[in-house]
Amino acid sequence: MAGFTRAISTPAVMAMIPGIYKHHRCRNNVYPQSDVRRYPVPDESVFWSQPYPDYQPPLYEAAVLKGKEWADLDVDDPSFKVKWNQLDGGVNRVSFVGEYELRDGFPMNMFGRTGLRGRGLLGRWGPNHAADPVVTKWKVDQEGKAVVSADSGRRVLQMCAIERHDCGEWAIPGGMVDPGEKVSATLKREFMEEAMSSSSDTEEIERFFSGGKEIYKGYVDDPRNTDNAWMETVAVNFHDENGSIVGRFNLHAGDDAAKVKWMDIDSGVKLYASHANIVRRVADALDAHW
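Keep in mind that this is a model prediction, so the values were computed, not measured.

Reading the values: the criteria
- The residue numbering used here restarts from 1 in each chain and proceeds along that chain's sequence as written.
- Side-chain atom pairs in this predicted model are given and counted only at pLDDT of 80 or more, local residue features only at pLDDT of at least 70, and totals for whole chains, interfaces and linings cover all residues.
- Excluding hydrogens and water, the side-chain values take into account all heavy atoms of the structure.
- Under the pairing criterion, centres of Phe, Tyr and Trp rings, with the six-membered ring standing for Trp, must be within 6.5 Å; the plane angle then separates stacked pairs below 30 degrees from edge-to-face pairs above 60, leaving the rest tilted.
- Only protein chains enter the accessibility calculation, which uses a 1.4 Å probe. A residue is then buried if its area is under 20% of the maximum for its type, exposed if over 50%, and partly exposed in between.
- In this analysis the charged atom, NZ for Lys or CZ for Arg, is taken to sit over a ring once it is within 6 Å of the ring centre and within 35 degrees of the ring normal.
- Each helix is a run of H or I in the DSSP string that is no shorter than four residues. Each strand is a run of E no shorter than two, and both are numbered from the N terminus.
- As used here, the arc belongs to the directions running from the helix axis to the C-beta atoms.
- N or O atoms within 3.5 Å of each other form a polar contact, as long as, within protein, one can give a hydrogen and the other can take it, and as long as residues adjacent in sequence are counted only when both atoms are side-chain atoms.
- It only takes one pair of heavy atoms within 4.5 Å for two residues to be counted as in contact.
- Here a salt bridge means any side-chain nitrogen of Lys or Arg lying within 4 Å of a carboxyl oxygen belonging to Asp or Glu.
- A pair of strands counts as paired when DSSP detects no fewer than two bridges linking them.

## Some details on the packing of aromatic side chains
Item 1. Within the structure shown, the criterion is met by 14 aromatic pairs.
Item 2. Note on Phe80 and Trp84: the rings are 6.3 Å apart at their centroids and 75° apart in plane angle, and the pair reads as edge-to-face. As far as the burial class goes, Phe80 and Trp84 line up, both buried.
Item 3. An aromatic cluster is defined as three or more aromatic residues linked by ring pairs; in this entry it consists of Tyr39, Trp48, Tyr52 and Tyr55.
Item 4. The ring of Trp262 is capped by Lys137, whose NZ or CZ atom sits 5.0 Å from the centre of that ring.
Item 5. Against the face of Trp170 rests Lys261, its NZ or CZ located 4.4 Å from the ring centre.

## Let's talk about helix H4 (residues 275–285)
Item 1. Of the residues making up H4, those classed as buried are His275, Ala276, Ile278, Val279, Val282 and Ala283. Down the axis of H4, the sector holding all buried residues measures 160°, keeping them to one side.
Item 2. Positive phi appears at Asp287, one or two residues downstream of H4, with a value of about 55°.

## A word on the environment of His165
Item 1. Among the secondary structure elements, His165 is positioned in the loop between strand E8 (157–164) and strand E9 (170–171).
Item 2. Measuring from C-alpha to C-alpha, the distance between His165 and Ala258 comes to 5.3 Å, with 93 residues separating the pair along the chain.

## As for the side chain of Thr186
Item 1. For Thr186, the location among the structural elements is in helix H2 (residues 183–195).
Item 2. On the basis of relative accessible area, Thr186 is assigned to the buried category, the value being 0%.
Item 3. Within the structure, Thr186 has its side chain in polar contact with the side chain of Glu181 (distance 2.7 Å).
Item 4. The residues contacting Thr186, other than those within four sequence positions of it, are Ala131, Gly175, Met176, Val177, Asp178 and Glu181.

## Considerations on the pattern of salt bridges
Item 1. Taken as a whole, this structure holds 20 salt bridges when the rule is applied.
Item 2. Put simply, Arg93 and Asp88 hold a salt bridge, and the shortest N to O gap is 2.8 Å. Considered together, Arg93 and Asp88 belong to a single accessibility category, that of buried residues.
Item 3. Put simply, Arg189 and Glu190 hold a salt bridge, and the shortest N to O gap is 2.8 Å. Note on accessibility: Arg189 and Glu190 belong to one class, buried.
Item 4. One network of salt bridges, with partners in common, ties together Asp178, Glu181, Arg189, Glu190 and Glu193.

## Here we look at the environment of Arg103
Item 1. Secondary-structure assignment places Arg103 in strand E4 (residues 102–103).
Item 2. Along the backbone, Arg103 and Asn228 are 125 residues apart, and their C-alpha atoms lie at a distance of 9.7 Å.

## Side note on the pairing of strand E7 (residues 126–138)
Item 1. Taken across its 13 residues, E7 has 13 buried, putting it largely inside the fold.
Item 2. Here E7 runs beside strand E12 (residues 229–240); their pairing, made up of 12 bridges, is parallel. Each residue of the ladder has a partner; that of Ala130, found in E12, is Thr233.
Item 3. Where E7 lies against strand E10 (residues 175–176), two bridges are found, and the strand directions are antiparallel. Pairing of Ala131 across the sheet is with Gly175, part of E10.
Item 4. Bridge analysis of E7 against E8 gives three bridges, and the strand direction is antiparallel. If you follow Trp138 over to E8, its bridge partner there is Leu157.

See the structure below:
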């Protein structure tokens with residue numbers, strides 16, 4: 001794989017996507033939920049266009065993928081008939097970033113080397129599509145008045161955040177898009193599964209999630225990414241302006257969430273993967289404190 005080149009993997013293209021340039025979260029560390037150490041990839045050797053003749057990344061496939069309906073078969077399995085860079089039955093194998101190349105039958109991460117071959121924990125070869133609902137409301141004091149930051153003079157925004165079971169980091173309550181599922185349905189489903197009680201007013205929730213503003217669509221600097229499999233997402237902001245819809249319901253941790261809370265957001269917020277960059281876009285769009 002060391003000789004692979006692709007014009008899209010250039011600094012000019014990467015720099016257009018905030019927080020993802022040279023994908024820091026999926027390099028030079030131990031792969032999540034394993035003892036597999038990634039092959040070292042210095043900053044100057046990330047892009048496939050840069051020669052790295054000594055590059056010998058280990059191959060890792062998590063045992064949890066074996067026999068699962070939601071996971072692809074091995075690339076060299078004779079029964080694995082796949083349509084790359086297009087809709088493959090119910091599975092979307094199209095990247096939001098552009099057309100990815102294949103090398104020896106393997107799809108190649110357009111953002112460059114990660115120090116690991118295979119799929120790791122990811123079910124799909126190539127892009128693995130997720131949906132992230134960024135649900136927000138304004139922070140208010142005990143009298144119901146908006147809280148304004150003394151530093152910026154802007155209102156303080158809160159987001160619904162979950163603490164992930166797998167890594168203990170706080171995150172947007174998102175998840176994977178099921179085969180054939182519309183992204184709009186995934187956004188609502190994931191929020192309900194991870195952050196809301198089943199007793200909530202479903203009709204009102206339906207109306208709330210029928211709107212929303214798309215904030216980001218593309219590659220995610222996720223610690224699970226490999227040279228051959230990576231995360232992409234559609235992030236949509238659902239803002240409860242008066243705090244009268246989701247803001248009045250009790251949050252309830254479920255599914256992949258250990259905890260759930262309304263989190264104040266600002267420049268110091270620490271979130272999973274590229275989530276902080278997505279949340280900053282929401283704050284900018286709402287003219288909120290950051």
